[in-house]
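# Structure assessment
Each chain, letter by letter, is given below.
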Amino acid sequence: MTKKILVTGGAGYIGSHTIRQLGEAGYDIVVYDNLSTGSGASVTYGELTIGSLEDKDLLLQTFSQHKFDAVLHFAAHISVQESIDKPLNYYTNNTFNTLNLLDCCQLFHVKKFIFSSTAAVYGQTQQEQITESSPTKPINPYGHSKLMSEQIIQDFARTSGLKYVILRYFNVAGADSTGKLGQSAKKAEHLIKVACDTALGRRASVNIFGTDLPTPDGTGIRDYIHVEDLAKAHVDALHYLEAGNDSQIFNCGYGQGYSVREVLNMVQKISGVDFPVIESQRRVGDPACVVANANKIRTMLGWKPKYNNLETIVSTALMWEKKLITLATLEKNIARQNFKLGALLLEHKIVSQTELTQALQEQSVTKQKLGEILVQKSIISPQMLEKFLLEQNWRKQGIWLQV
Ligand SMILES: O=c1ccn([C@@H]2O[C@H](COP(=O)(O)OP(=O)(O)O[C@H]3O[C@H](CO)[C@H](O)[C@H](O)[C@H]3O)[C@@H](O)[C@H]2O)c(=O)[nH]1
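The paragraphs below set out a description of the structure included in this document.

Analysis parameters
Residues numbered from 1 in each chain as written. Predicted model: local features only at pLDDT ≥ 70, side-chain atom pairs only at ≥ 80, totals over all residues. Heavy atoms only, no water. Helix = DSSP H or I, 4+ residues; strand = E, 2+ residues; numbered from the N terminus. Buried < 20%, exposed > 50% of the residue type's maximum accessible area, 1.4 Å probe, protein only. Contact = heavy atoms within 4.5 Å. Areas by Shrake-Rupley, 256 points an atom, 1.4 Å probe, with all protein chains shown as cover. Lys, Arg positive; Asp, Glu negative; His and termini not counted. Charge placed at Lys NZ, Arg CZ, Asp CG, Glu CD. Phe/Tyr/Trp six-rings, centres within 6.5 Å; stacked < 30°, edge-to-face > 60°. Lys NZ or Arg CZ within 6 Å of the ring centre and 35° of its normal. Near = heavy atom within 4 Å. Polar contact = N/O pair within 3.5 Å; in protein donor to acceptor, adjacent residues only side chain to side chain. Nonpolar A, V, L, I, M, F, W, Y, C, P; charged D, E, K, R; others polar. Pairing = 2+ DSSP bridges. Axes fitted to C-alpha atoms, helices over the stretch in contact; angles between N-to-C directions. Left-handed = near helix turned anticlockwise from the far one by under 90°. Core = buried A, V, L, I, M, F, W, Y, C linked by side-chain atoms within 4.5 Å.

## Some points on the overall build of the chain
When helices and strands are counted, the chain shows 14 helices and 14 strands. Across its three principal axes, the chain shows a C-alpha extent of roughly 85 × 55 × 35 Å. Counting only residues that meet the buried cut, the chain has 49% of its 403 residues in that class. Put simply, 76% of the contacts in the chain that link residues at least 6 apart link residues at least 24 apart. About 19400 Å² of surface is accessible on the chain, with carbon and sulfur atoms providing 52% of the total. In the chain, the 41 positive side-chain charges and the 39 negative ones have mean positions that sit 2 Å from each other.

## What to know about the packing of aromatic side chains
Scanning the model with the defined rule gives 6 aromatic pairs in all. For the ring pair Tyr122 and Phe170, a centre distance of 6.3 Å and an interplane angle of 40° mean the geometry is tilted. Of this pair, Tyr122 sits in the loop between strand S5 (112-118) and helix H5 (141-160) while Phe170 is found in the loop between strand S6 (163-169) and strand S7 (171-173), placing the two residues 48 residues apart along the sequence. Overall, Tyr122 belongs to the buried group, its relative accessible area being 1%. Accessibility expressed as a relative area gives 5% for Phe170, which makes it buried. Note on Tyr254 and Trp303: the rings are 6.2 Å apart at their centroids and 10° apart in plane angle, and the pair reads as stacked. Pair noted here: Tyr254 is in the loop between strand S11 (248-252) and strand S12 (258-259) and Trp303 is in the loop between helix H9 (295-301) and helix H10 (310-336), with a separation of 49 residues, a long-range link. Among the residues examined, Tyr254 registers a relative accessible area of 11% and is labelled buried. Relative accessible area serves as the criterion here: at 2%, Trp303 is assigned to the buried category. Aromatic rings pair up to connect Phe63, Phe68 and Phe108 into one cluster. Here the basic side chain of Lys296 rests over the ring of Phe250, its NZ or CZ set 5.3 Å away from the ring centre.

## A look at the site of the ligand
Of all residues adjacent to the ligand, which total 20 residues, the nearest are Thr118, His190, Asn207, Arg222 and Asp286. A distance of 3.4 Å separates an oxygen atom of the ligand from a polar backbone atom of Ile78. Here the ligand loses 91% of its free accessible area of 680 Å² to cover by the protein chains. Mapped onto the shell around the ligand, the elements with two or more residues apiece are helix H6 (191-199) and strand S8 (206-209). Looking at the shell around the ligand element by element, the count peaks at 3 residues for S8. Of the residues contributing to the shell around the ligand, the split by class is 11 nonpolar, 5 polar and 4 charged.

## Things to note about the sheet that holds S6
Reading across the sheet, the 7 strands line up as S3-S2-S1-S4-S5-S6-S11 and stay open at both edges, with parallel pairing between neighbours. Of all the strands in the sheet, just strand S3 (47-50) and S11 have a single pairing partner and so form its edges. Strand-to-strand, the axes of this sheet are offset by a mean angle of 20°, without reference to chain direction. Packed onto the sheet, helix H2 (residues 56-65) meets strand S1 (4-8), strand S2 (28-33), S3 and strand S4 (70-73) and runs at close to 175° relative to S2.

## A closer look at the packing of H6 against helix H8 (residues 260-271)
Look at H6 against H8: their axes get within 10 Å of each other, and the N-to-C directions meet at 35°. Considering the relative orientation of H6 and H8, their crossing is right-handed. Only Val260, Val263, Leu264, Val267 and Ser271 of H8 make contact with H6, whose side of the interface consists of Leu191, Ile192, Ala195, Cys196 and Ala199. For the contact of H6 with H8, the class distribution of residues is 9 nonpolar, 1 polar and no charged.

## Concerning the pairing of S11
Counting buried residues in S11 gives 5 out of 5 residues, a clear majority hidden from the surface. What you see with S11 is no split at all: Gln248, Phe250 and Cys252 on one side and Ile249 and Asn251 on the other are buried throughout. Examined bridge by bridge, S6 and S11 share 5 bridges and lie parallel to one another. Each bridged residue has a counterpart across the sheet, and for Val165 the counterpart in S11 is Gln248.

## Topic: the nonpolar core
If you look at the biggest cluster of nonpolar residues, it comprises 58 residues, and the most contacted ones within it are Ile192 and Ile297. If you tally residues by element for this core, the top one is helix H7 (residues 227-242), at 8 residues. Ignoring any residue separated from it by four or fewer positions in sequence, one finds Ile192 in contact with Ala173, Tyr224, Val263, Ile313, Val314 and Ala317. Counting 24 residues, the second-largest nonpolar core is a separate cluster that includes Val30, Tyr32, Ala75 and Ala157.

Okay, structure coming up:
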């Protein structure tokens, strides 16, 4: 029987990649997303319920309409800086809303739960590689909001029979190789995103936040994981729970770190753009080095990453950003285009505002077509009408035609 899965935040960056893999694997999917950062177009499988996790009535309704076998909970705020500025938003959206969801799982007897957590739960760390049993000492509200959710899930699981997998993401980047999905959130400030934006001329320069860190080249080291591999970790986690295995926490990274300079060099190499790089102050709360020990997920889930090299991560990210620029330009053009014949004729100064107003008044009385009225009044010729109707048609299809 087809298994039905609830995916909160499935219209977002990681969620959308995961639902595509789940859809390809034959799962029946219901996405629950408020579209605050995600996009309905990214929901390539299943049905979409637009709503907030704070809306308990809608959540209960969604659970009662379907019989879910498992819940994958992605929906969350994810910016460290924003969490410092607006901590209550983070505790509400990331922690309190997880409680709402667990409450529904309890009421509707859903026993499998996969939770998106973060390496931010570890905070500052001195270890070369972080294991799942390394101390958890978050240094910002984002990390705390996720760690509190982890605690709630674990406490609840102890008494309810819920089995969970908590996935602690390291630095997620890249986009799917077909160019259909990627990071669409406009406010994203992550290094690879910022560097790609700069290479493509949307920003003037990239700042390196600190060049005096205790790392070989003085800049921050992170474990960048390709979003497709991270999505696959969720599918593997689901299979793991379906096989009746016990609850676990897994790091999601490759165990390989790259410095900010190495990342910037790669973006410059692949884009062929030698964009300006500014060495600036350290960012508050940035650890020097965050690299996963990923042995546990490889061993226990049998997770086999396919995209574990920086070149692939950067080139797919760059390709996606290029696509976003093309889409934005097209959208701007379409927004600018007024498909109405009268507006086209005005734009080309074929009719005056007075002539158009009179013709439109006549149209409202006679219900005749505007073009016919203008031809009858000899304001435009039949040939001209034909030409502008053609342009109108092209514009409707989003194709610009200069007449
Ligand atoms: O313009 C920039 C942006 C980032 N950096 C540096 O690049 C590295 C990566 O920074 P990101 O902002 O891309 O990511 P973070 O490591 O700060 O944070 C990420 O990893 C965390 C876990 O460690 C959380 O999961 C969090 O959600 C996620 O954004 C850091 O050394 C940072 O100082 C720059 O030098 N310039």
